[in-house]
Amino acid sequence: MYQPAFLRSSKIVTTVTGAVAFPPKTPSLIFCYSSSSQESPSPPEQQQESSISNSKSPIGSPCRVQKLIASQSDPLLAKEIFDYASRQPNFRHSNSAYLILILKLGRAKYFSLIDDILITLKSEHYPVTPNLFTYLIKIYAESNLPDRALKTFRSMLEFNCKPLPKQLNRILELLVTHRNYLRPAFDLFKSAHKHGVLPNTKSYNIMMRAFCFNGDISIAYTLFNKMFERGVMPDVESYRILMQGLCRKSQVNRAVDLLEDMLNKGFVPDTLSYTTLLNSLCRKKKLREAYKLLCRMKVKGCNPGIVHYNTVVLGFCREGRAIDACKVLEDMPSNGCLPNLVSYRTLVGGLCDQGMFDVAKKYMELMISKGFSPHFSVSHALIKGFCNVGKVDEACGVLEELLKAGDAPHEDTWVMIVPQICAGEEMEKLGEVLNKIVKVEIKGDTRIVEAGIGLEDYLIGKTRSRPRRTKNMFDE
C-alpha cells in the first residue's frame, strides 16, 4: 500500500499541537489530540476557514493541517503533506495554508510548483484574496524576476481579484530598477485602469523618478502636470524628484521656480529639497542666490541644518570668497546650528588657499578648543603657508597647538619646519621656540610620523657645524 514520503521517512513529523497516530486498519492519517492539550483557540478567520469542509475529514481540520505544513522546514515535505490532505474526501485547504505553502516554495525558488498551485486554484474556482498576490509579487521581486511578477499582476483578474494600488506600485518599483523594463513599466502605468486600479501619488513618483534618472526630464514633467489634471495631489516627494531631475540637467532656474510654485501651493519643502537646490546653485556659482535661499529656509518653515550651511561654506571657499564663508559660519550659532568638523576644516582650507593664514590660524585654534582635530592636510597647508612667507614663529605656534591637542603632525610637516628653524639667523631665539615645542607633553597614543631618524641626523649635523649658536638650544 502506498504511503506518502512524510510517512515513510524515518524522521518524526510533529504538529504544533498534537501527534500523528496510525489506527491498525485505517489507510489514512488521523490527527489525535489530547483533551488536556493547551492549544490556544483559533482566531475567527481560521475558524471560518476550518468550516469549509462539509464534513469531518479523517486527516483533521484545515486549521490543524495548516499548522503541520507551517511547522515543516523542508518545502517539498510541506508540499507532500499538502497534496496528501488534498486527496482526502471532503477536505479543502484554508486560504492561509495556500499562502504558507506558496511562501515556503517561493523562498526555496520552486516556482514551477507555485505555478501548479495557481492552476489548481483557478480550475477549482477557489476564492483568492489579494493578500496572496501581494506576497507572490514580493517573492518574485526579491528573486529579481520582473517577468513573473508582471505576469502574476496581469493574471489577478482571472481569479476575480481586483489589484490594489500597493500591488501596482510594487510591480512598478521592480520594473523600473531594470533599464530594459522602463517602457513595460510605463505601459502598465498607463493601462492600470484596465486592471481595475488607478495610479496614486506614489505611482506617479515612481515613474517620475525613473524617467529623471533616465534623463527623460520632459516625460517626468508631463507626468507631474498630469497629476493635477487627473485629480491626483502631488506631495513633497513629487516636487523634490522633479527638482532633482532639473538640477541634474543643470536647469537650476527651473528648479527654483518649482520651489516657488511649491511654496505658493502651501507645501513645506523638506531638508533634502533645499540641499539639492543649494548644492546646484553653488556649483553654478550662484552664491548670492544660494545664501538668500539659506536665509529664507527658516522663514518658510524649514530650519537649516549643518548640511545646508556646510554646502554654502564650501561654495564660497571654492570660489575664493573665504571671508563670506566666515560670515556664514558666524551666523550659524544664532540660528540654532553649531559648526562641526567639516565646517572648520573647509573654512581653514579655504582661507589657506587665499593666503589668509592669520585668520586661518584663529579658526584652527577655535576648532581645536572645541575638541575637533584638523586633518593633517589642513594643518600642513597652514604651517607651510606661514613658512613660505617667513613667519616661522607662527608656524611653530600652530605646531605647538597641534602637539598640545595630541595630534601628530605629518612627516612632511616636520621635514619642512625643522630646516626653517635651523637655517634662521636668530638661532638662539628660534631654538627656544623649538625647545618649547619639544617639551610639550605628548599623550601615549600620539605618534610623530616617521621623521625621527632623518631629522635627528639633520639636527646633529647642524649643531656640530654651529656649536656656539646652538649651545643654548639644548641647555635647559
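If you're wondering where the values come from, they're calculated on a predicted model, not measured in any experiment. (Residues numbered from 1 in each chain as written. Predicted model: local features only at pLDDT ≥ 70, side-chain atom pairs only at ≥ 80, totals over all residues. Heavy atoms only, no water.)

Some thoughts on the confidence of the model for the chain
So, point 1. Summing up the model confidence of the chain, the mean pLDDT is 80 and the portion of residues at 70 or higher is 76%.
So, point 2. Confidence over residues 5-55 falls short of pLDDT 50; this stretch has 76 contacts with residues more than four positions distant or in other chains.
So, point 3. With pLDDT under 50 throughout, residues 441-460 is counted as low confidence; its partners more than four residues away or in other chains account for 26 contacts. (pLDDT = per-residue confidence, 0-100. Contact = heavy atoms within 4.5 Å.)

Observations concerning helix 18 (residues 322-331)
So, point 1. Burial in helix 18 covers these residues: Ala 322, Ala 325, Cys 326, Val 328 and Leu 329. All buried residues of helix 18 lie within an arc of 160° about the axis, which places them on one face of the element.
So, point 2. Check the buried side of helix 18 and you find it contacts helix 16 (287-299), helix 17 (306-318), helix 19 (341-353) and helix 20 (357-369). (Buried < 20%, exposed > 50% of the residue type's maximum accessible area, 1.4 Å probe, protein only. Helix = DSSP H or I, 4+ residues; strand = E, 2+ residues; numbered from the N terminus. Arc of directions from axis to C-beta.)

So, the side chain of Thr 152
So, point 1. Looking at the element boundaries, Thr 152 is found in helix 8 (residues 146-154).
So, point 2. A polar atom in the side chain of Thr 152 sits 2.8 Å from the backbone oxygen of Arg 148.
So, point 3. Apart from the residues lying within four places of it in its own chain, the contact partners of Thr 152 are Phe 133, Leu 136, Ile 137 and Tyr 140. (Polar contact = N/O pair within 3.5 Å; in protein donor to acceptor, adjacent residues only side chain to side chain.)

Thoughts on the packing of helix 4 (residues 75-86) against helix 5 (residues 95-107)
So, point 1. It is the contact of helix 4 with helix 5, at a shortest axis distance of 9 Å, that shows an interaxial angle of 150°. The orientation of helix 4 relative to helix 5 falls into the category roughly antiparallel. Relative to helix 5, the crossing made by helix 4 is left-handed. Contacts between helix 4 and helix 5 pair Pro 75, Ala 78, Lys 79 and Phe 82 from the former with Tyr 98, Leu 101, Lys 104 and Leu 105 from the latter.
So, point 2. Classifying every residue of the contact of helix 4 with helix 5 gives six nonpolar, no polar and two charged. (Axes fitted to C-alpha atoms, helices over the stretch in contact; angles between N-to-C directions. Parallel < 35°, antiparallel > 145°, perpendicular 65-115°, else oblique. Left-handed = near helix turned anticlockwise from the far one by under 90°. Nonpolar A, V, L, I, M, F, W, Y, C, P; charged D, E, K, R; others polar.)

Some points on the packing of aromatic side chains
So, point 1. By the definition in use, this model includes 13 aromatic pairs.
So, point 2. Residues Tyr 239 and Phe 267 carry aromatic rings whose centres are separated by 5.2 Å and whose planes lie at 50° to one another, so their mutual orientation is tilted. Linking Tyr 239 in helix 13 (residues 236-248) with Phe 267 in the loop between helix 14 (252-264) and helix 15 (271-283), this pair joins segments that are 28 residues apart in sequence.
So, point 3. The class of Tyr 239 is buried, set by a relative accessible area of 0%.
So, point 4. Take Phe 267: its relative accessible area is 17%, and that puts it in the buried class.
So, point 5. A centroid spacing of 5.9 Å and a plane angle of 40° characterise the contact between Tyr 344 and Phe 372, whose relative ring orientation is tilted. (Phe/Tyr/Trp six-rings, centres within 6.5 Å; stacked < 30°, edge-to-face > 60°.)

Here we look at helix 5
So, point 1. An ideal rise of 1.5 Å per residue puts 18 Å on 13 residues; helix 5 measures up with 19 Å between its terminal C-alpha atoms.
So, point 2. The buried count for helix 5 comes to ten of 13 residues, which makes it a mostly enclosed element.
So, point 3. With its phi angle positive at about 65°, Lys 109 sits one or two positions after the end of helix 5. (Expected span 1.5 Å × (residues − 1).)

Considering the side chain of His 308
So, point 1. Positionally, His 308 belongs in helix 17.
So, point 2. Among residues more than four places away in sequence, those in contact with His 308 are Thr 271, Tyr 274, Thr 275, Leu 278, Leu 294 and Met 297.

Quick word on the pattern of salt bridges
So, point 1. Enumeration according to the criterion identifies 13 salt bridges in this entry.
So, point 2. The partner of Arg 209 in a salt bridge is Glu 237, and the shortest N-O contact between them spans 2.3 Å. Highlighted residues: Arg 209 in helix 11 (residues 201-213) and Glu 237 in helix 13, separated in sequence by 28 residues.
So, point 3. Take Glu 237: its relative accessible area is 27%, and that puts it in the partly exposed class.
So, point 4. Of the charged contacts in the structure, one is a salt bridge between Arg 296 and Glu 260, with a shortest N-O distance of 2.7 Å. With Arg 296 in helix 16 and Glu 260 in helix 14, the pair connects residues that are 36 residues apart, well separated along the chain.
So, point 5. Residue Glu 260 is classed as partly exposed on the basis of its relative accessible area of 26%. (Salt bridge = Lys/Arg side-chain N within 4 Å of Asp/Glu carboxyl O.)

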